Amino acid sequence: MVVKTLPEIQVKKGEPPYKIWIFEPGEKKELPLIFNLRQLAEQRRPALLPGHRMCAGCAAPIVVKLASFAFRGPTIVVTATGCLEVSTTIYPYTSWALPWIHNAFENAAATASGIEAAIKAMKKTGRLKYENVDVVVFAGDGGTYDIGFQALSGMAERGHDVLYILYDNEAYMNTGIQRSGGTPKYAWTTTSPVGRVIPGKSENKKPIADIMVAHRIPYVATATPAHWMDLVKKVRKGIEVNGPAFIHALSSCDRGWRHEESISVEVLRRAVDTCYFPLWEWSPETGYLLTDRSLVIARNPSLKQPIEKFLEVQGRFRHLLRPENKELVKQLQEYVDATWNDLLKRASNAPR
Amino acid sequence: MSELELVPKYPREKQTMINVNGDEAIAYAVKQSYVDVVAAYPITPQTIIVEKFSEFVANGETHTEFVAVESEHSAMSACVGAAASGARAFTATSSQGLALMVEVLYIASGLRLPMVLAVVNRALSAPINIHNDHSDAYLMRDAGWIMLFAENVQEAYDTTIQAFKISEHPDVQLPASVHIDGFFLSHTLENIYTLPDEAVYDFLGGPRKIAKVRVDYFDEEVNYALDPARPLSIGNLALYDYYFEIKVPQVLSMRKAEEVIKEVNEEWYKLTGRKYGNGLVDPFMVEDADIVIIAMGSSAGTVRSVVKKYREKGVKVGLLRIRSFRPFPHKDIVELLSGSKLVAVMDKGIGPGQYGALYLDVAASLYHSKSKPILVDYVYGLGGRDLSPEMVEQMINNLLKDLEKGYILEEERLRFLGVRG
Ligand SMILES: Cc1ncc(C[n+]2csc(CCOP(=O)(O)OP(=O)(O)O)c2C)c(N)n1
Ligand code: SF4
Ligand SMILES: [Mg+2]
C-alpha cells in the first residue's frame with residue numbers, strides 16, 4: 001500500500017488550515033471580502049472541508065468554496081440531491097463547516113423558503129440569536145432547470161431572501177450523465193447518445209438565467225470558478241440584496257464532459273472566451289451589465305474565440321470534430337453568435 | 001379522584017364557546033399554538049383552513065409567517081426547512097395534495113422533525129371527487145407520521161393543539177397529522193369550547209423547544225437544528241452501513257408515542273374536562289359486547305347512535321373508535337376485544353387486491369387474542385357516499401345472522417356497504 005502524506009499547508013498566521021465555522025450568538029462582525037490571495041489564505045477558510053468525495057477535477061467544490069469566501073456571517077446552506085450533496089455528506093461524515101440541509105431533489109428552493117420564513121418568525125418574536133442569518137442554496141442543473149424549476153420560480157415570485165446558486169454541469173451527473181434542460185445542443189449524454197441517426201442532444205440549452213431575470217428578482221448573474229473574483233463579488237451581491245438572487249455558475253465535470261481532470265478551470269475559461277457562456281449581471285436598476293472577461297471581449301471583439309476552442313477539449317463533443325459534422329459546428333457557432341449579439345444589445349456597458 | 005369529581009383547570013364557564021366548522025376550528029387551534037411558519041396550498045375541502053389562517057395573518061392576530069407556496073410538495077418542503085430551523089411548523093391538505101406531498105412526508109419523519117399536518121380526508125382521484133373517504137390517509141400510513149382521527153369539530157380543535165405537544169415530546173420527535181372527514185366535519189358548524197390563548201401557550205410550553213443531539217465534534221450536546229453556533233448537517237446520505245440504524249429508532253419512538261398520546265389525553269382532560277377514551281382508542285359499550293364495530297372519524301357518531309338503539313333492544317353490540325391510526329393501538333384492541341365473538345371493521349378506503357387497511361391492522365392485533373373473534377371487513381362511504389343509520393342497522397342485522405351461523409366464508413369477508421348493484 002502506498003502511504004501518501006498530505007502536503008503541509010502553510011498557514012503563517014491566523015486561522016488553522018481547516019475549521020468549522022462557528023458564530024457565537026449575538027456575534028456582529030461582518031466578514032470582509034478579501035481579494036488579496038495571501039490575505040485570503042491566512043484569514044479565510046472555505047465552508048467545504050477536505051475529505052469529500054467529489055471526483056478529482058470536479059469544479060463544483062471550487063464553486064462552493066469560492067462562494068463561501070463571500071459569505072458575510074451566519075449562513076445556512078441548502079443543497080438539492082445531486083453530486084454535490086451525495087459526495088459531501090456520506091453519513092456519519094460531513095464536509096460542511098456550517099449548518100447544512102438536504103431535503104430532496106426538486107425542493108431546495110422550497111426548503112430554503114421555509115428556512116427563511118422561520119428566520120423571520122424568530123426575529124419577529126426576539127428568538128433569533130443573530131441580527132441576520134443568510135440562506136444560500138446550491139443545486140445542480142437537473143434540480144434547477146427541470147424537476148426543481150417550479151419550486152425555484154415559486155420562491156422567486158414570493159420574494160424570499162435567499163441566494164440560489166446553480167452549479168451547472170450540464171447534465172444529471174449523479175445518476176450517470178443523462179441530458180437535462182441545461183445540456184447544450186449536440187452534446188453526448190447517456191440519454192442523448194451519439195447514434196447513427198441522431199448526433200447527441202437535439203435541443204438547445206434553456207436560458208435559465210434570463211428566465212430568472214424575467215422574474216424581476218433583485219439580482220441575477222452568471223459566473224464561473226475560472227473567473228474567481230467575479231464569482232466572489234457576485235455571490236456577495238446576491239447575499240446583500242433584499243430578496244431572491246440567482247447565480248448561474250458553469251461547473252465543469254470531467255466525468256461527464258469527458259475532459260482531462262487537470263483542465264477543469266481551463267475548460268470554463270474557454271466557455272467564456274468563446275462567448276458560449278458570457279459573464280454578466282442583472283438587477284432591475286442596472287439592467288444587463290457585462291462583467292470580467294466578457295466585458296473585455298465586448299470591447300475588443302478580436303479576443304472572441306471560435307466555438308471549436310470550447311468543443312475540442314471535451315469528449316462529449318468529439319463527434320462534432322469529424323469532417324462530416326462541420327455543419328453542426330457551424331450551427332452551434334451561429335447560435336452562440338446570435339445569443340452573444342443579443343446580449344450585447346441588452347448590456348448597457350457594451351460598446352455601441 | 002374519580003372522573004366525576006375532577007374539576008378541570010378551565011371548566012366550561014372559563015372557556016369560550018365559538019360556532020365554527022372543522023376547518024375553522026383547526027385554523028383557530030393553529031393560531032393559538034404559537035406556530036412560526038404555516039406553508040400551505042389550497043384544495044377542497046381543506047381550503048377554509050388556509051383562508052381562515054390568511055385572515056388571522058392579514059389582521060395581525062399572529063406572528064406566524066404564512067408562506068403561500070406554489071404546491072403541496074413545496075408546502076411540506078418548506079415545513080421541513082422551517083422545522084429544521086427550530087420553528088414550529090404547520091400545513092394542511094387533502095387528497096391529491098397529500099399524494100403530491102408523500103415524498104416529503106417520509107423525509108419529515110426520517111429527519112425526525114416535529115410538525116403538524118391537518119389532513120381533511122378526501123377521496124383520491126380517479127374519478128376525481130372532492131368528498132370524504134380515507135383513501136388519502138391510507139396512502140400515508142407507512143410514512144412515519146403519528147396519525148390521529150377526530151370524530152367531531154370539538155375533537156378537531158382539541159387534537160390539533162395536542163398534536164403539537166405529542167410531536168414535540170422529547171421521546172417522540174416525529175411529525176403528526178390530524179385527520180378530519182371532508183365536508184362531514186370540515187364544512188359542518190358546531191359549537192365548540194375553546195381555551196384562552198395563554199392556556200394553550202402554557203399547555204405547549206411556549207414556543208417549540210429544540211431537541212438536543214450529540215455529535216463527535218462538539219463536547220456538549222447541541223441543538224438538532226440549523227444553528228450557526230453549532231453547525232450540523234441534516235439530511236445526509238446514509239447507505240447500507242447506517243440507514244438501518246437510523247430507521248429503527250423511528251419505529252421505537254413511534255412506540256413511545258403511544259404513551260405520550262395517552263398522557264397528553266389525560267393532561268388535556270385535567271385542563272379542559274374533555275378526553276377521548278385513553279387517547280388511542282375510544283370504546284363505547286365494548287366490554288360485554290358479542291359484536292364490536294370498529295370505525296374511524298365522523299362515522300363513529302352514526303354508529304354509536306345505532307349501537308345505543310340496539311342496546312336498548314338488548315343486542316350486545318359495541319363500538320370501538322380508533323383515534324390513533326399510527327401508532328396503531330394493537331394492545332388496546334387485544335384487551336378490549338378479548339370477549340367479543342364477531343368484529344366488523346369499517347374501512348373508508350380500499351386496497352384493491354387486498355382488504356382495507358384498517359381491517360389488516362385489526363387482523364394483525366386479533367391474531368394474538370385468545371378469543372379469535374370472527375372478522376369481517378365492511379368497505380363503505382367511498383367518494384363521500386353517506387353512511388346512514390339504516391345502513392348501519394342493515395350491517396348489524398347481517399352480523400347477527402353471521403354470529404348465529406358461527407362463521408364467515410373467505411369470499412364473504414370483504415363486503416361493500418351502501419353500493420348499488
Ligand atoms: C424525485 C427524484 N427523481 C429522481 C431522482 C434521481 N436523481 C438523483 S440526483 C439526479 C440528477 C442530479 O442532477 P443535477 O441536478 O444536474 O446534479 P448533478 O448530480 O449533475 O450535480 C437524479 C436524476 C431523485 N433523487 N429524486
Ligand atoms: S461526476 Fe462530475 S459533477 Fe459529479 S463529482 Fe464527478 S466531476 Fe463532479
Ligand atoms: Mg448536473
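Calculation rules
- Residues numbered from 1 in each chain as written.
- Chains lettered and ligands numbered in written order.
- Predicted model: local features only at pLDDT ≥ 70, side-chain atom pairs only at ≥ 80, totals over all residues.
- Heavy atoms only, no water.
- Phe/Tyr/Trp six-rings, centres within 6.5 Å; stacked < 30°, edge-to-face > 60°.
- Helix = DSSP H or I, 4+ residues; strand = E, 2+ residues; numbered from the N terminus.
- Buried < 20%, exposed > 50% of the residue type's maximum accessible area, 1.4 Å probe, protein only.
- Near = heavy atom within 4 Å.
- Polar contact = N/O pair within 3.5 Å; in protein donor to acceptor, adjacent residues only side chain to side chain.
- Nonpolar A, V, L, I, M, F, W, Y, C, P; charged D, E, K, R; others polar.
- Pairing = 2+ DSSP bridges.
- Contact = heavy atoms within 4.5 Å.
- Axes fitted to C-alpha atoms, helices over the stretch in contact; angles between N-to-C directions.
- Donors = N, O, S within 2.8 Å, 3.2 Å for Na, K, Ca; no water.
- Right-handed = clockwise from strand over helix to strand, strands pointing away.
- Buried area = accessible area lost by both parts, 1.4 Å probe.
- Salt bridge = Lys/Arg side-chain N within 4 Å of Asp/Glu carboxyl O.
- Parallel < 35°, antiparallel > 145°, perpendicular 65-115°, else oblique.
- Left-handed = near helix turned anticlockwise from the far one by under 90°.
- Patch = residues over 30% accessible without salt bridge, like charges linked within 9 Å, V, L, I, M, F, W, Y side chains within 5 Å.
- Areas by Shrake-Rupley, 256 points an atom, 1.4 Å probe, with all protein chains shown as cover.
- Expected span 1.5 Å × (residues − 1).
- Arc of directions from axis to C-beta.
- pLDDT = per-residue confidence, 0-100.

A. Up close: the packing of aromatic side chains. In total, this model carries 23 aromatic pairs over all chains according to the counting rule given. Consider the rings of Y34 of chain B and Y201 of chain B, whose centres lie 5.4 Å apart with planes at 80°: the pair is edge-to-face. Residue Y34 of chain B is found in the loop between α1 (22-32) and β2 (37-39), and its partner Y201 of chain B is found in helix α7 (residues 197-203); the two are separated by 167 residues along the sequence. On the accessibility criterion, Y201 of chain B (34% relative accessible area) is partly exposed. When the centroid spacing of 6.0 Å and the interplanar angle of 90° are considered together, the rings of F149 of chain B and F325 of chain B count as edge-to-face. Of this pair, F149 of chain B sits in strand β6 (residues 146-149) while F325 of chain B sits in strand β15 (residues 324-326), and the two are 176 residues apart along the sequence. The pair formed by F149 of chain B and F325 of chain B is uniform in burial state, with each residue classed as buried. Following the ring pairs from residue to residue traces out a cluster consisting of W257, Y276, F310 and F317 of chain A.

B. Representation of the site of ligand 1. Lining the immediate surroundings of ligand 1 are 18 residues, of which C83, D141, G142, G143 and Y167 of chain A lie closest. At the site occupied by ligand 1, the surrounding residues belong to chains A and B. N169 of chain A places a polar side-chain atom, nitrogen or oxygen, 3.0 Å from an oxygen atom of ligand 1. N174 of chain A is positioned such that a nitrogen or oxygen atom in its backbone is 2.9 Å from an oxygen atom of ligand 1. Of the residues assigned to the shell around ligand 1, the class counts are seven nonpolar, eight polar and three charged.

C. Spatial organisation of the sheet that holds strand β11 (residues 233-234) of chain B. Spatial ordering of the open sheet is given by β8(A)-β7(A)-β5(A)-β6(A)-β4(A)-β3(A)-β1(A)-β2(A)-β11(B), a layout of nine strands whose pairing is mixed. Each having just a single partner strand, β8 (287-290) of chain A together with β11 of chain B make up the two edges of the open sheet. Sheet analysis places strand β7 (residues 280-283) of chain A next to β8 of chain A, joined by four bridges and oriented antiparallel. Within β8 of chain A, the position partnered with W280 of chain A by the bridge is L290 of chain A. Sheet strands in contact with helix α13 (residues 326-346) of chain A are β7 and β8 of chain A, and its direction is about 115° off that of β8 of chain A.

D. Structural view of the coordination of the magnesium ion (ligand 3). Residues and elements named next belong to chain A. For the magnesium ion (ligand 3), the full set of protein donor atoms is D141 (OD), N169 (OD1) and A171 (O), and the range of their distances to it is 1.9 to 2.0 Å. All donor residues of the magnesium ion (ligand 3) come from one chain, and their arrangement in sequence is D-x27-N-x1-A. Like A171, N169 is buried.

E. Spotlight on the pairing of β6 of chain B. All names here are of chain B. The alternating pattern of β6 places I146 and L148 on one face and M147 and F149 on the opposite face, and all of these are buried. Pairing analysis gives four bridges linking β6 to strand β7 (residues 176-181), with the strands arranged parallel. Following the sheet pairing, I146 is matched in β7 by A176. Handedness of the crossover is the feature at issue here: the chain leaves β6, passes through helix α6 (residues 153-168), returns alongside β7, and the resulting connection is right-handed. Sheet topology note: the β6/β15 ladder contains two bridges and is antiparallel. Its bridge partner lying in β15, L148 is registered against S324.

F. Just the sheet that holds strand β3 (residues 65-67) of chain B, in detail. All names here are of chain B. Strand order in the open sheet made by the seven strands is β3-β2-β4-β5-β7-β6-β15, with mixed pairing throughout. Strands at the two margins of the open sheet, each flanked by one partner only, are β3 and β15. Across the sheet, the mean angle from the axis of one strand to that of its neighbour is 20°, orientation sign disregarded. Bridge analysis of strand β4 (residues 89-93) against strand β5 (residues 116-121) gives four bridges, and the strand direction is parallel. Its bridge partner being in β5, F90 is matched across the sheet by V116. Sitting on the sheet, α1 is in contact with β2, β4, β5 and β7, with an inclination near 155° to β7. Seen against the sheet, α6 touches β4, β5, β6 and β7 and runs at an angle of roughly 170° to β7.

G. Seen up close, the interface of chain A and chain B. Facing 47 residues of chain A, the contacting portion of chain B comprises 45 residues. Summed over both sides, the interface between chain A and chain B buries roughly 3500 Å², with carbon and sulfur atoms accounting for 62% of that surface. On inspection of chain A and its partner chain B, the count reaches six salt bridges. Across the pair K120 of chain A and E65 of chain B runs a salt bridge whose closest N-O atoms are separated by 4.0 Å.

H. Geometry of the pattern of salt bridges. All names here are of chain B. Enumeration over the complete set of coordinates arrives at 50 salt bridges over all chains. As a salt-bridge pair, E151 and R321 come within 2.9 Å of each other at their nearest N and O atoms. A residue pair is termed long-range when its members are at least 10 positions apart, and E151 in the loop between β6 and α6 and R321 in strand β14 (residues 317-322) qualify at 170 residues. Each member of the salt-bridge network shares a partner with another, and the members are E151, E155, D282, R304, R321 and R323.

I. Quick look at the packing of helix α3 (residues 72-84) of chain B against helix α4 (residues 95-110) of chain B. All names here are of chain B. At a minimum axis separation of 7 Å, α3 and α4 run at an interaxial angle of 25°. When the axis of α3 is compared with that of α4, the two are roughly parallel. Considering only the axes of α3 and α4, their crossing is right-handed. The residues of α4 that touch α3, namely those facing E72, H73, A75, M76, S77 and V80, are G97, L100, M101, E103, V104, L105 and A108.

J. Representation of a nonpolar patch on the surface within the structure. Among the surface-exposed residues, I350, L382, L414, F416 and V419 of chain B lie close enough to one another that they form a single nonpolar patch of about 430 Å² accessible area. Residue V419 of chain B is classed as exposed on the basis of its relative accessible area, which comes to 53%.

K. Region of the structure containing α13 of chain A. Residue and element names in this part refer to chain A. Under the 1.5 Å per step criterion, the end-to-end length of α13 is 30 Å for 21 residues, consistent within 8% with the ideal 30 Å. Residues of α13 that are buried include every one of L328, V329, L332, Q333, V336, W340 and L343, and no others. The arc that holds the buried residues of α13, viewed along the axis, is 140°, so those residues lie on one side. Buried residues along α13 sit in contact with β7, β8, α11 (292-299) and α12 (308-311).

L. The confidence of the model for chain B, seen in detail. This prediction gives chain B a mean pLDDT of 97; 99% of its residues lie at or above 70. At the level of chain-chain contacts, confidence expressed as ipTM amounts to 0.97, with global pTM at 0.97.

M. Representation of the environment of A29 of chain B. Residues and elements named next belong to chain B. Tracing the backbone shows A29 in helix α1. As for A29 and D158, which are separated by 129 residues in sequence, their C-alpha atoms are 7.6 Å apart. Apart from the residues lying within four places of it in its own chain, the contact partners of A29 are Y157, T160 and I161.

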